[in-house]
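Here is what each chain is made of, one letter per residue.
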Amino acid sequence: MRSYTKKEISPIIEEYAQKAEFPQHIVRQLGDLGCFGPTIPPQYGGGGLDYISYGLMMQELERGDSGVRSTASVQGSLVMFPIYEYGSEEQRKKYLPKLASGEWLGCFGLTEPNHGSDPSGMLSNFKDAGDHVVLNGSKMWISNAPFSQVAVVWAKVEGGDIRGLIVERGMEGFSTPTTHGKWSLRASATGELVFDHVKVPKENILPNVKGLKGPLSCLTKARYGIAWGVVGAAMDCYDSARRYAMERIQFGKPIASFQLIQKKLAEMLTEITKAQLLNWRLGVLMNEGKATTPQISMAKRNSVHTALEIAREARQVHGAMGITGEYAIMRHMMNLESVVTYEGTEDIHLLILGNEITGIAAFV
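An account of the accompanying structure is given in this report.

**Remarks on the nonpolar core**
Piece 1. Grouped together as the largest cluster of nonpolar side chains are 57 residues, with contacts concentrated most on Leu 30, Leu 61, Ile 83, Leu 99, Trp 154 and Tyr 224.
Piece 2. For this core, the element with the highest residue contribution is helix H4 (residues 66-86), accounting for nine residues.
Piece 3. Ignoring anything within four residues of it in the chain, the contact list for Ile 83 reads Gln 91, Arg 92, Tyr 95, Leu 96, Leu 99, Val 152, Ile 166 and Leu 206.
Piece 4. Within the second largest apolar cluster, 33 residues are counted, among which are Ala 233, Tyr 238, Ala 275 and Ile 310.

Quick look at the structure:
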């Protein structure tokens, strides 16, 4: 993964970010590398790998760019996982191999214009219409949406239950307008999902889950990947700062010879190592089926917070050069400003931990 990222992602990603374009050609490459659904069993096209391997894959991809890791995270944890975990055998066989190979790209529809941290208030809904259901509503801030062939969408059925549906591109009334004007995740495709009386066959409903358990369990898997991924962004910022400090001459010597620069580098490396150790222990618990949602919240929040601080310190080491596209620092920093918000804001993760510590829910 490190070799692939260094060869195929790092040389091109700055140009794509500057143009605010998604490098579509990498989707099949990521499929060939096994980045989509690494923990899904091989009979469905997955890698059958353990969770530490999956985490390390995400770490190395995000050394290239958060948006590239997001593409892989969404595909594996938010699209393939619910189809595997909650889908029928027919759904698994139809969708998972094509998603695993990168032939198809998928997206995950939960967040709505007026319902982000409170998904239970969603307005998207569907009604029974015989052999199909009719889906109405919209989702926004959806990674992969503009180029996805399938979307795992969460909506309310008459009566209030939340269910998952697999919506395919080409279904009449289904559109995916692209989100423009982003200053973050510029090399990632983001869009909306709009459902205007979309007829979805009943066989596309995920049969084995009801309620918020479905989408929240997907987010738990994805947050674990984020916890590893953002450490990769931090590592790239640290490595750039270390190399720049060795080369940049001031007062007749490399700035790496000054105490405060060495302090910054030593603290960066320490915090990266601490985050990796937390993630490694969490990976062991994931492999044993013992990891809890609050533990994953702790890791996601800690890793993103750590990565943001390291990106800012690395920018300081680079001085004015740190704001230019010649170095990856500002791109990582801007990306991380999205990652600290999506799949649970920093505040939400603190409240999840607070609820675990005190037994008192402070969300409302």
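There is more to say, and it comes next.
**Re H4**
Piece 1. Counted at 1.5 Å a residue, the expected span for H4 with its 21 residues is 30 Å, and the 28 Å between its end C-alpha atoms agrees.
Piece 2. Approximately 35° is the largest bend angle found in H4, and it occurs at Met 80, with the proline Pro 82 only one to four residues beyond.
Piece 3. A large share of H4 lies buried, amounting to 19 of its 21 residues.
Piece 4. Its side-chain oxygen placed 2.8 Å from the backbone nitrogen of Gly 67, Asp 65 serves as the N-cap of H4.

**Re the pairing of strand E3 (residues 132-143)**
Piece 1. Here four bridges tie strand E2 (residues 125-128) to E3, and the two strands are oriented antiparallel to one another. Note that in E3 the partner of Asp 128 across the bridge is Val 133.
Piece 2. Counting the residues that bridge the hairpin from E2 to E3 gives three residues, and of these Gly 130 lies at a positive phi of roughly 90°.
Piece 3. As judged from the nine bridges shared by E3 and strand E7 (residues 190-201), these two strands associate in the antiparallel manner. What sits directly across from Val 133, in E7, is Val 200.

**Overview of unusual backbone geometry**
Piece 1. In this model, Ala 20 sits at a positive phi of 55°, which is unusual for a non-glycine residue.
Piece 2. Inspection of the secondary structure puts Ala 20 in the loop between helix H1 (2-19) and helix H2 (26-33).
Piece 3. Residue class for Ala 20 comes out partly exposed when judged on its relative accessible area of 43%.
Piece 4. Unlike most non-glycine residues, Leu 185 shows phi in positive territory, near 50°.
Piece 5. Here Leu 185 shows up in the loop between strand E6 (174-175) and E7.

**Looking at the pattern of salt bridges**
Piece 1. Considering all chains together, one arrives at 20 salt bridges under this definition.
Piece 2. In this structure, the salt-bridge partner of Glu 168 is Lys 94, at a minimum N-O distance of 3.1 Å. Separated by 74 residues along the polypeptide, Glu 168 in strand E5 (residues 162-168) and Lys 94 in helix H5 (residues 89-101) bring together distant segments of the chain.
Piece 3. Its relative accessible area of 19% is what places Glu 168 among the buried residues.
Piece 4. The exposure class assigned to Lys 94 is partly exposed, which follows from its relative accessible area of 40%.

The rules behind these values
Residues numbered from 1 in each chain as written. Predicted model: local features only at pLDDT ≥ 70, side-chain atom pairs only at ≥ 80, totals over all residues. Heavy atoms only, no water. Core = buried A, V, L, I, M, F, W, Y, C linked by side-chain atoms within 4.5 Å. Buried < 20%, exposed > 50% of the residue type's maximum accessible area, 1.4 Å probe, protein only. Helix = DSSP H or I, 4+ residues; strand = E, 2+ residues; numbered from the N terminus. Contact = heavy atoms within 4.5 Å. Expected span 1.5 Å × (residues − 1). Bend = angle between axes of the 7 residues up to and from the residue. Polar contact = N/O pair within 3.5 Å; in protein donor to acceptor, adjacent residues only side chain to side chain. Pairing = 2+ DSSP bridges. Salt bridge = Lys/Arg side-chain N within 4 Å of Asp/Glu carboxyl O.

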